[in-house]
Amino acid sequence: MIKLPVLATARSAYLFVWRRRGRFFALAFPAIVVLGLLTGLFSGALRLALPGGDETRGPMPGGSLESVFAIPLVMTILVAAAFLTMFAVAWHRYCLVAGERHSVRDTLRWGPRQTRFLFTAIGLAVLVMIATAAVVVIVVGVLSSPDAAVSVFPAAFLAVLLSSYLYARLAVLFPAAALDRTMGVRDAWAMTKGNGWRLLAITLIAMIPASVAASIVQNVLSGLAVALGLEAALTANLLVALVDQAFTLTETALGVTVLSIAYRALEAAGRGGQVDLIA
């Protein structure tokens, strides 16, 4: 059993994405544009519908605000899930399949592989949510006291910690799905034995800096839009949305790269081979 090097693996993920930034941008560009336009238009329409953020103005003509925006919101979520799935599959294969030709068309192709990948994501999310809810119920029951807040806080903290660990242990299901390899929950659990906390630490180290940078840039852009009186302008909303989606795809690429590196190293170790960090 090997121990994944935490800092070296996170560093390899950053180096891999940085050294291949041209290919990353080419593959991510369709998703950035489509999702940026969709979220920008949705955000702009919402600001126009609620000037000043007033959500208590009463029903809109033709129906309530919820009914008017429900369908566009659902469509935006579905399109986002589709594009992120296609990009994640393409980037996993770019990391792991030597000699395979990777083009922009790979990020716009939907087939059985992408369907399996999406169902893997949904199944893992449901499993983590069930485990999280179970932990909260059990801990609250054990620590129940007259002051509910005292019980809920440790329960929520423990639930987040354990669900994150569970997700880290099973996340190797994603690269396996992208490679069309059959892997069950038991197989993933066995592959990541002894590396659960390491995988969680590697993922956090790789993604937190990008998330912090995204938050800072988005707040700066939003602040400038407000200062210039352009917060309701469609152009400003589109610009902020495009930048936000560029960071989202960057975070996705880093997360995918981390999992690809871990999967490759753990698989090689399982065969008695050498651990390979693919930066």
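Residues numbered from 1 in each chain as written. Predicted model: local features only at pLDDT ≥ 70, side-chain atom pairs only at ≥ 80, totals over all residues. Heavy atoms only, no water.

Things to note about the environment of Thr39
Tracing the chain through its elements places Thr39 in helix α2 (residues 21–49). With 41 residues separating them along the chain, Thr39 and Ala80 place their C-alpha atoms 9.3 Å apart. If we skip the residues at most four places from it in the chain, Thr39 touches Thr76, Ala241 and Gln245. At a separation of 2.7 Å, a polar atom in the side chain of Thr39 contacts the main-chain carbonyl oxygen of Leu35. (Helix = DSSP H or I, 4+ residues; strand = E, 2+ residues; numbered from the N terminus. Contact = heavy atoms within 4.5 Å. Polar contact = N/O pair within 3.5 Å; in protein donor to acceptor, adjacent residues only side chain to side chain.)

Considering the pattern of salt bridges
For the coordinates displayed, the defined rule picks out three salt bridges. A salt bridge links Asp180 to Arg113, with the nearest nitrogen and oxygen atoms 2.7 Å apart. Here Arg113 lies in helix α4 (residues 112–142) and Asp180 lies in the loop between α6 (173–178) and α7 (185–191), a separation of 67 residues in the sequence. You can call Asp180 partly exposed: its relative accessible area is 38%. With its nearest N and O atoms 2.7 Å apart, the salt bridge here joins Arg116 to Asp180. Placement of Arg116 in helix α4 and of Asp180 in the loop between α6 and α7 is noted, with a sequence separation of 64 residues between them. Exposure remark for Arg116: the relative accessible area of 41% places this residue in the partly exposed category. Sharing partners across several salt bridges, the network here consists of Arg113, Arg116 and Asp180. (Salt bridge = Lys/Arg side-chain N within 4 Å of Asp/Glu carboxyl O. Buried < 20%, exposed > 50% of the residue type's maximum accessible area, 1.4 Å probe, protein only.)

Section: helix α1 (residues 6–19)
Structurally, the α-helix is built with 3.6 residues per turn, so residues lying three or four positions apart point the same way. With 14 residues, α1 extends 20 Å from end C-alpha to end C-alpha; this agrees with the ideal 20 Å at 1.5 Å per step. Every buried residue of α1 is listed here: Val6, Thr9, Ala10, Ser12, Ala13, Phe16 and Val17. The arc enclosing the buried residues of α1, seen along the axis, measures out at 155°, which places them on a common side. The outward face of α1, more than 90 degrees from its buried face, is lined by the exposed residues Leu7, Arg11, Trp18 and Arg19. (Expected span 1.5 Å × (residues − 1). Arc of directions from axis to C-beta.)

Structural notes on the confidence of the model for the protein chain
In this model, the protein chain carries a mean pLDDT of 81, and residues with pLDDT of at least 70 account for 79%. Predicted confidence in the protein chain is weakest over helix α5 (residues 148–170), with a mean pLDDT of 78, and strongest over α6, with 95. Long-range and interchain partners of residues 53–60, a stretch whose pLDDT sits below 50, account for seven contacts in this model, where long-range means more than four residues apart. (pLDDT = per-residue confidence, 0-100.)

Observations concerning the packing of aromatic side chains
All chains considered together, the criterion is met by eleven aromatic pairs. Aromatic side chains Phe24 and Phe87 sit 6.0 Å apart centroid to centroid with 75° between the ring planes, which places their arrangement in the edge-to-face category. Here the residue Phe24 occupies a position in helix α2, and Phe87 occupies one in helix α3 (residues 65–96), the gap between them amounting to 63 residues. The same class applies to Phe24 and to Phe87, which are both buried. Within the aromatic cluster, the residues linked to one another by ring pairs are Phe16, Phe24, Phe87, Trp91 and Tyr94. We note Arg169 situated over the ring of Trp189; from NZ or CZ to the ring centre the distance is 3.7 Å. (Phe/Tyr/Trp six-rings, centres within 6.5 Å; stacked < 30°, edge-to-face > 60°. Lys NZ or Arg CZ within 6 Å of the ring centre and 35° of its normal.)

Describing the side chain of Thr257
Among the structural elements, Thr257 can be located in helix α9 (residues 234–270). Exposure remark for Thr257: the relative accessible area of 0% places this residue in the buried category. At a separation of 2.6 Å, a polar atom in the side chain of Thr257 contacts the main-chain carbonyl oxygen of Ala253. Once you skip the residues sitting within four places of it in the chain, Thr257 turns out to touch Ala13, Phe16, Val17, Trp91 and Cys95.

Concerning the nonpolar core
Generally speaking, nonpolar side chains in soluble globular proteins are found buried as a group. Counting residues in hydrophobic clusters, the biggest one holds 37 residues, and the most contacted among them are Phe24, Phe87, Trp91, Phe117 and Leu249. Sorting the residues of this core by element identifies α1, α2, α3, α4, α5, α6 and α9 as the ones contributing at least two each. By residue number, the principal contributor to this core is α3, which donates eight residues. Each residue touching Phe24, except ones within four places of it in the same chain, is listed here: Phe87, Trp91, Leu249, Thr250 and Ala253. The next biggest cluster of nonpolar side chains, apart from the first, holds 14 residues, and it includes Leu199, Val258, Ala262 and Leu266. (Core = buried A, V, L, I, M, F, W, Y, C linked by side-chain atoms within 4.5 Å.)

Here's the deal with the layout of surface pockets
When its volume is computed, the largest pocket comes out at roughly 660 Å³. Lining the largest pocket are 27 residues, with Tyr167, Phe174, Met207, Thr252 and Leu259 sitting closest to its centre. Looking at the lining of the largest pocket, the elements that each hand over two or more residues are α3, α4, α5, α8 (196–227) and α9. Per-element accounting of the lining of the largest pocket gives the leading share, six residues, to α4. Its residues assigned to classes, the lining of the largest pocket shows 19 nonpolar, seven polar and one charged. (1 Å grid on protein atoms, 1.4 Å probe; cavity = no way out; pocket = protein on both sides within 12 Å on 5 of 7 lines; lining within 4 Å. Points joined across faces, edges and corners; volume = space filled by probe spheres on them. Nonpolar A, V, L, I, M, F, W, Y, C, P; charged D, E, K, R; others polar.)

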